[in-house]
Amino acid sequence: MSKILLFQTVHSTARIHPRTVTSILSKPLIIPSVSKCYSPISPFHSISLPALKHHFHSPSFSFPSSFSSRAFDDSSSSIETQNEKEEKVGEQSEIEEYPSGEMEYEKISGWKSFVVKLKMLIAFPWQRVRKGSVLTMKLRGQISDQLKSRFSSGLSLPQICENFVKAAYDPRISGVYLHIEPLNCGWGKVEEIRRHILNFKKSGKFIIAYIPACGEKEFYLACACEEIYAPPSAYFSLYGLTVQASFLGGVLEKIGIEPQVQRIGKYKSAGDQLTRKSMSEENCEMLTSLLDNIYGNWLDVVSSSKGKKREDVENFINEGVYEVEKLKEEGFITNIHYDDEVISMLKERLGVQKDKKLSMVDYKKYSKVRKWTLGLTGGKDLIAVIRATGSISRVRSPLSSPSSGIIAEQIIEKIRSVRESKRYKAVIIRIDSPGGDALASDLMWREIKLLAASKPVIASMGDVAASGGYYMAMAAQTIVAENLTLTGSIGVVTGKFNLGKLYEKIGFNKEVISRGRYAELLAAEQRPFRPDEAELFEKSAQNAYKQFRDKAAFSRSMPVEKMEEVAQGRVWAGKDAASRGLVDAIGGLSRAIAIAKHKIKIPQDRPVTLVELSRPSPTLPEVLSGIGSSIVGVDRTVKELLQDLTFSDGVQARVDGIMFQRFEGFPDATPLISLIKDYLSSL
């Protein structure tokens, strides 16, 4: 039987690979906000970890066939009393004890203002900005959770957020002009950016949104701005949200392929895509809950921002919103203007003559402005930040690109260097991952657990924290996530293809000579499982699920019985994960920083310095062209195919394929395109 591997993410349909699959899902978490006094410095250069591709495919996460007993030990003891566990559960339930990390704006004045002006005078030419400038940022497409090198294209969430912080304090910046267009990121990143917009408004400077093409995510961001403008021909598609699941059972049946899937956990739906022709009741229940969370949150935020009742917003959406004039009449946008008209309006507001050019600085140039120039340097207390983004693998393959996700041996090296160093008072592990190799995840879990025994470790979750992503987070003392962070459930699905009927149709024959009772378990894809082989497969899946569930229960100081209630392959939205003990606090990176300060017992108003240990190292194509991501992306597709054909893994785990779409007529919303996407993603 040929081996298969399902690659999925919370935002996409399944990806099929010729490889044995056992998929284990982990749970959702939630993420923090923006901090007042921190300054990133970057003495280290390391391999870049790319952003998760949310709308096409997602990596998987392999689970070891067994854990060593040492893997369950913490740094001091492998056994905890029931009383100690109950005390820890009580501590975790008190979310209110954690500081909020809310930004408190204080205008620079006096001697500090003089020093800042002096620094601006001596800044490098490429870091200088004219007084009275407007910061313009175009938010569209993919947004990476990783820092970007100066040669990399695309947007970086850390740099977007830092630009808002700098602009709030920069006396040369009069306001912000945001172009918001269709976004290709999860709701976690959208919430983080929105929080920074709200914090920027505390400076008293204006922030204006321009939305030529707008759906739910884009409008969610725009509502945080003071004013919203759109051209008369703008594309508005505020029709509501959908969640989609595609099924290949009927297709595989017609071509003679029989998926033999073993599923552990009633909500574990990953195998359903191969075996079923329609959605199961449990999967429907889970997806409905996730959709209700996201849509309900959207209605609450929009109604609050626009000063309307929730039911009024929902009724308006249900009328079918596409006319810009109607949006203006109902007060959802400020006015209808073209881009040049908005710029003319800004010139008038800032007292710039009509025949003069408005001084503007874009995202890329402003990202080069150092916080030091603005007097925003941190204090003597150092907090290390380790970013882990993308799929998880244990070692870098010779065929993989430099930005191929989370490489465990590299992350472990960073963790150990932080643990051995006395420089760092605390550590923040920033995770945005759907999972991957479970052995790699377990090794990182162990290293993070050892690190947490020597200094505070806070896990901050991005769009998704599933399977291996959550596995890493479990070792931290505190987990922080956004309301809408999607976390893969703890569950297992394993199986392989029986290609016997397909081989018969095409006239292909395969014969196997073997020694050992189960030698043909994975080798003989031309026939179904024998009864004893099927029994072994089921036991293996049950064992993998038990190990995963028990490790999660141990890490969260939760009885196994209670963990079982929230496991079973279910995916949770962040706020639901928090109420069930999988997450400790809701917020963004700034809240993680605030909690780290709280743990090391320093005042919240004392500045700290963030030391980024995951600075990107640009590839040669990126250096030469500045658009290397496209080249690398194509190259990676080919290389991943070769890896899948040459490397054999055991049990695999990853988050279910969940695609949230709008009813807007986009190609992604059609089953045919989704099916083609599944096929292309498997290449």
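Residues numbered from 1 in each chain as written. Predicted model: local features only at pLDDT ≥ 70, side-chain atom pairs only at ≥ 80, totals over all residues. Heavy atoms only, no water.

Caption draft 1: Spatial organisation of the overall build of the protein. Within the protein, the secondary structure is distributed over 23 helices and 30 strands. For the protein, buried positions account for 59% of its 683 residues. Sequence-distant contacts in the protein: of pairs separated by 6 or more residues, those separated by 24 or more amount to 81%. As displayed, the protein has an accessible area near 27,700 Å², and 53% of this comes from carbon and sulfur atoms. (Helix = DSSP H or I, 4+ residues; strand = E, 2+ residues; numbered from the N terminus. Buried < 20%, exposed > 50% of the residue type's maximum accessible area, 1.4 Å probe, protein only. Contact = heavy atoms within 4.5 Å. Areas by Shrake-Rupley, 256 points an atom, 1.4 Å probe, with all protein chains shown as cover.)

Caption draft 2: Local environment of the UniProt feature "active site" (unreviewed entry) in the protein. The feature "active site" (unreviewed entry), as annotated in UniProt, sits at Lys268 and Ser467 in this numbering. These residues run over 200 residues, yet every pair of their C-alpha atoms falls within 12.3 Å of each other. The topology assignment puts Lys268 in the loop between strand 15 (258-264) and helix 7 (272-275). For Lys268, a relative accessible area of 0% gives the class buried. In this fold, Ser467 is placed in the loop between strand 22 (457-465) and helix 15 (468-474). On the basis of relative accessibility, which here comes to 0%, the residue Ser467 falls in the buried class. (UniProt positions renumbered as here; feature names shortened; annotations may be inferred.)

Caption draft 3: Layout of the pairing of strand 22. For strand 22, the buried fraction is high: nine of the nine residues fall into the buried class. Here six bridges tie strand 21 (residues 424-433) to strand 22, and the two strands are oriented parallel to one another. Paired with Ser433 across the two strands is Ala465, which belongs to strand 22. Crossover strand 21 to strand 22 through helix 14 (residues 438-452) is right-handed. In this sheet, strand 23 (residues 478-481) lies alongside strand 22 in parallel orientation, the contact comprising three bridges. Each residue of the ladder has a partner; that of Ser460, found in strand 23, is Val480. Of the crossover connections in this fold, the one passing from strand 22 over helix 15 to the parallel strand 23 is right-handed. (Pairing = 2+ DSSP bridges. Right-handed = clockwise from strand over helix to strand, strands pointing away.)

Caption draft 4: Layout of the packing of helix 14 against helix 17 (residues 531-555). At a minimum axis distance of 13 Å, the contact between helix 14 and helix 17 shows a crossing angle of 15 degrees. In terms of their interaxial angle, helix 14 and helix 17 are classed as roughly parallel. The way helix 14 lies across helix 17 gives a crossing that is left-handed. Across the interface between the two elements, Asp442, Trp445 and Lys449 of helix 14 pack against Lys551, Phe554 and Ser555 of helix 17. (Axes fitted to C-alpha atoms, helices over the stretch in contact; angles between N-to-C directions. Parallel < 35°, antiparallel > 145°, perpendicular 65-115°, else oblique. Left-handed = near helix turned anticlockwise from the far one by under 90°.)

Caption draft 5: Spatial organisation of the packing of aromatic side chains. In this structure the tally under the stated criterion is eleven aromatic pairs. Directly above the aromatic system of Phe206 lies the positively charged group of Arg349, at a separation of 5.3 Å from the ring centroid. A cation over a ring is seen here: Arg570 above Trp572, with NZ or CZ 4.5 Å from the ring centre. (Phe/Tyr/Trp six-rings, centres within 6.5 Å; stacked < 30°, edge-to-face > 60°. Lys NZ or Arg CZ within 6 Å of the ring centre and 35° of its normal.)

Caption draft 6: Spatial organisation of the packing of helix 4 (residues 187-201) against helix 8 (residues 281-306). In the contact formed by helix 4 and helix 8, the axes pass within 13 Å of each other and the chain directions differ by 20 degrees. Considering the angle they form, helix 4 stands roughly parallel to helix 8. The chirality of how helix 4 crosses helix 8 is left-handed. Contacts between helix 4 and helix 8 involve Trp187, Glu191 and Arg194 on the former and, on the latter, Ile294, Asn297, Trp298, Val301 and Ser305. Of the residues in the contact of helix 4 with helix 8, the class split is four nonpolar, two polar and two charged. (Nonpolar A, V, L, I, M, F, W, Y, C, P; charged D, E, K, R; others polar.)

Caption draft 7: Just the side chain of Ser156, in detail. Checked against the element boundaries, Ser156 lands in strand 8 (residues 155-156). Residue Ser156 is classed as buried on the basis of its relative accessible area of 0%. Within the structure, the side chain of Ser156 is placed 2.6 Å from the backbone oxygen of Gln146, a separation counted as a polar contact. Ignoring sequence-local partners within four residues, the contact set of Ser156 consists of Ile143, Ser144, Gln146, Leu147, Lys148 and Tyr363. (Polar contact = N/O pair within 3.5 Å; in protein donor to acceptor, adjacent residues only side chain to side chain.)

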